[in-house]
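Observations on the model geometry
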Amino acid sequence: MIKNNKIYDMIIVGGGPGGYTAALYAARAGLSTLVVEKLSAGGQMALTHQIDNYPGFPGGVDGFTLGQDMKAGAERFGAETVSAQVTALQLDTPIKEVTTQTQTLLARTVVIATGANPRPLGIPQEAQLVGKGVSYCGHCDGMFFRGRTVAVVGGGNSAVAEVLFLSRIAKKVYLIHRRDTLRATQVYRRQLERLENVEILWERAVTRLHSNERLTGVTLKYLPTGQEEELSLDGLFVSIGRDPANALVQGALTLDNAGYILADETTKTNLPGVYAVGDIRSKELRQIVTAVADGAVAAYQAEHYLP
Ligand code: NAP
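Residues numbered from 1 in each chain as written. Predicted model: local features only at pLDDT ≥ 70, side-chain atom pairs only at ≥ 80, totals over all residues. Heavy atoms only, no water.

1. Here we look at the packing of helix 4 (residues 157–166) against helix 5 (residues 186–193)
In plain terms, the rule: The axes are straight lines fitted to the C-alpha atoms, using for helices just the contacting stretch, and the angles between their N-to-C directions are given from 0 to 180°. Every helix listed is a DSSP run of H or I at least four residues long, and every strand listed is a run of E at least two residues long, numbered separately from the N terminus. In what follows, roughly perpendicular refers to angles from 65 to 115 degrees, roughly parallel to angles under 35, roughly antiparallel to angles over 145, and oblique to any angle outside these ranges. Each crossing gets its handedness from the near helix: less than a right angle anticlockwise from the far helix is left-handed, clockwise is right-handed. Note on contacts: a residue pair qualifies if any of its non-hydrogen atoms lie within 4.5 Å across the two residues.
Put simply, helix 4 and helix 5 touch, their axes get as near as 10 Å, and they point 30 degrees apart. Between helix 4 and helix 5, the angle is such that the two are roughly parallel. Note that helix 4 runs across helix 5; the crossing there is left-handed. Along the contact surface, helix 4 presents N157, V160, A161, V163 and L164, while helix 5 presents Y188, Q191 and L192.

Laid out in structure tokens, this is it:
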């Protein structure tokens with residue numbers, strides 16, 4: 001394992017909007033800054049075809065382009081990027097260690113920007129059909145299903161929000177839920193009741209996906225009896241929660257009950273010089289705008305923490 005002797009002022013783990021905004025602000029403040037990112041810049045955002053709720057883009061912007069541009073903006077001020085998977089972190093020492101498969105990198109501050117991933121159903125063909133009828137984001141992909149028949153799986157606020165959004169685009173929206181009551185709040189449930197093109201399929205689980213290149217339908221199991229039925233669909237939106245990408249910090253940082261890093265608006269974690277930004281931080285609203293705000297705040301905090 002190579003031990004790189006350079007000590008960065010800040011290493012950012014994760015190259016999403018929160019991570020690259022921290023890099024931009026840190027680099028502009030004159031801190032030596034390195035982003036370690038796994039795939040392409042932008043994180044989850046890079047998978048979004050059309051982003052209409054990030055201000056400054058009247059015609060919207062695609063997430064991949066926005067990610068590349070955020071990266072270029074940080075690099076313009078000297079931030080460096082390395083493409084690597086982080087395998088371990090040592091965070092409770094003044095000089096912190098970020099270990100990848102090939103080297104150990106050193107820094108005085110570390111920003112955790114690893115994000116959260118949509119929880120999959122875990123059934124056969126699901127991964128292969130992503131982008132071919134299966135989606136984890138109605139707000140991102142809903143426009144491709146104008147006038148079509150779609151279903152949302154889940155019973156929480158996110159699932160109902162997806163249904164409300166999709167009901168304005170699709171011809172028919174089914175909500176498939178495994179229990180006979182929704183977890184979503186009453187405000188959401190009332191809005192749902194008013195929609196004529198929405199039908200709730202209670203106590204059902206999706207057991208199989210049918211496809212012919214693209215998704216054509218699903219098999220549902222009616223859980224009280226075990227009886228199976230088929231449903232023709234153009235799109236299936238899975239909205240059964242998200243899993244925070246916290247594997248690297250378990251045991252080191254304090255997490256909330258759902259597994260997100262406990263940090264308030266200052267982005268400070270329980271360890272000095274360690275900050276949590278974007279979707280991995282405990283917060284109410286996980287959006288690009290809130291992630292970039294976190295990134296700016298983390299860099300500001302680090303600047304004041306550093307000697
Ligand atoms: P959530 O509240 O945890 O709901 C997840 C839903 O998916 C539950 O109904 C759950 O069923 C179901 N589910 C979980 N695993 C499943 C599986 N393997 N198969 C089928 N169904 C499964 O998650 P969320 O809706 O993503 O919301 C996350 C947080 O963000 C919540 O705190 C939520 O209130 C908040 N949020 C708030 C708003 C808002 O207020 N505007 C909007 C969106 C999200 P059970 O009900 O049976 O457990």
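2. Digging into the packing of aromatic side chains
The condition that has to hold: Classification of ring pairs uses Phe, Tyr and Trp, with its six-membered ring standing for Trp, and accepts pairs whose centres are within 6.5 Å; under 30 degrees between planes counts as stacked, over 60 as edge-to-face, and the remaining range as tilted. Exposure classes here rest on a 1.4 Å probe applied to the protein chains alone. A residue is buried below 20% of its type maximum, exposed above 50%, and partly exposed in between. Look at NZ for Lys and CZ for Arg. If either is within 6 Å of the ring centre and within 35 degrees of the ring normal, a charge sits over the ring.
Scanning the entire structure with this criterion turns up two aromatic pairs. Ring centres of F145 and F237 lie 5.4 Å apart, and the angle between their planes is 80 degrees; this geometry places the pair in the edge-to-face category. Note that F145 is positioned in the loop between helix 3 (138–141) and strand 9 (149–153) and F237 in strand 15 (residues 235–238), a separation of 92 residues in sequence. A single burial state applies to F145 and to F237, both of which are buried. Sitting over the face of the ring of F77, R28 holds its NZ or CZ atom 5.2 Å from the ring centroid. Sitting above the plane of the Y260 ring, R286 keeps its charged end 3.6 Å from the centroid.

3. Side note on the pairing of strand 12 (residues 204–212)
The following threshold applies: Pairs of strands are assigned from DSSP output, requiring at least two bridges between the strands.
Relative to strand 13 (residues 214–222), strand 12 runs antiparallel, the two being bridged by eight bridges. Considered in strand 13, the bridge of A205 is made with K221.

4. Structural notes on the state of the cysteines
Operational definition: In what follows, a disulfide is any cysteine sulfur pair within 2.5 Å.
Taken as a whole and judged by the stated rule, the model has one disulfide. A sulfur-sulfur distance of 2.0 Å marks the disulfide that ties C137 to C140. Where C137 bonds to C140 through sulfur, the torsion about that S-S bond is close to 75 degrees, and the disulfide is right-handed. For C140, a relative accessible area of 13% puts it in the buried group.

5. Side note on helix 6 (residues 288–305)
Defined as follows: Take the number of residues in a helix, subtract one, and multiply by 1.5 Å to get its expected span.
Compared with an ideal rise of 1.5 Å per residue, which puts 18 residues at 26 Å, helix 6 spans 26 Å between its outermost C-alpha atoms and is within 8% of the ideal. Of all the positions in helix 6, only I288, T290, A291, V292, D294, G295, A296, A298, A299, Q301 and A302 are classed as buried.

6. Regarding the sheet that holds strand 10 (residues 172–176)
Reading across the sheet, the five strands line up as 8-15-9-10-11 and stay open at both edges, with parallel pairing between neighbours. Looking along the sheet, the strands with just one partner apiece sit at the ends: strand 8 (134–135) and strand 11 (198–201). Pairing of strand 8 with strand 15 involves two bridges; the strand directions are parallel. The residue of strand 15 that forms the bridge with V134 is L236.

7. What to know about the nonpolar core
Heads up, the condition is: Each nonpolar core is a collection of buried residues, namely Ala, Val, Leu, Ile, Met, Phe, Trp, Tyr and Cys, held together in the definition by side-chain atoms within 4.5 Å.
Within the largest apolar cluster, 28 residues are counted, with the highest numbers of intra-cluster contacts made by I12, M70 and V111. Only strand 1 (2–13), helix 1 (17–28), helix 2 (63–75) and helix 6 provide two or more residues apiece to this core. Ignoring any residue separated from it by four or fewer positions in sequence, one finds V111 in contact with M10, I11, I12, V13, A22, Y275, V277 and A298. I11, A84, L105 and V249 belong to the second-largest nonpolar core, a separate cluster that totals 23 residues.

8. Quick notes on the sheet that holds strand 14 (residues 227–232)
On the basis of which strands lie adjacent, the open sheet formed by three strands has the order 12-13-14 and antiparallel pairing. The two strands at the open ends of the sheet, each matched to only one other strand, are strand 12 and strand 14. Averaged over all pairs of adjacent strands, the angle between their axes in this sheet comes to 25 degrees, without regard to strand direction.

9. Some words on the site of the ligand
For clarity, the cut-off: A molecule or strand has a residue near it when one of that residue's heavy atoms lies within 4 Å. Between N or O atoms, a polar contact is any pair within 3.5 Å; within protein, one atom must be a potential hydrogen donor and the other a potential acceptor, and residues adjacent in sequence are included only when both atoms are from side chains. Working definition of accessibility: Shrake-Rupley area with a 1.4 Å probe, residue cover restricted to the visible protein chains. Ten residues, namely Ala, Val, Leu, Ile, Met, Phe, Trp, Tyr, Cys and Pro, are considered nonpolar, four, namely Asp, Glu, Lys and Arg, are considered charged, and the remaining ones, Gly among them, are considered polar.
Close contacts around the ligand come from G154, G155, G156, N157, S158, H177, R178, R179, R183, Y188, I240 and G241, and that covers them all. A distance of 2.8 Å separates an oxygen atom of the ligand from a polar atom in the side chain of S158. Look at the ligand: alone it shows 910 Å² of surface, and the protein chains cover 62% of it. Residue classes in the shell around the ligand are distributed as two nonpolar, seven polar and three charged.

10. A word on the pairing of strand 14
With six bridges connecting them, strand 13 and strand 14 associate as antiparallel partners. Considered in strand 14, the bridge of V218 is made with L231. Two successive antiparallel strands, strand 13 and strand 14, enclose a turn made up of four residues, where G226 displays a positive phi of approximately 85 degrees.

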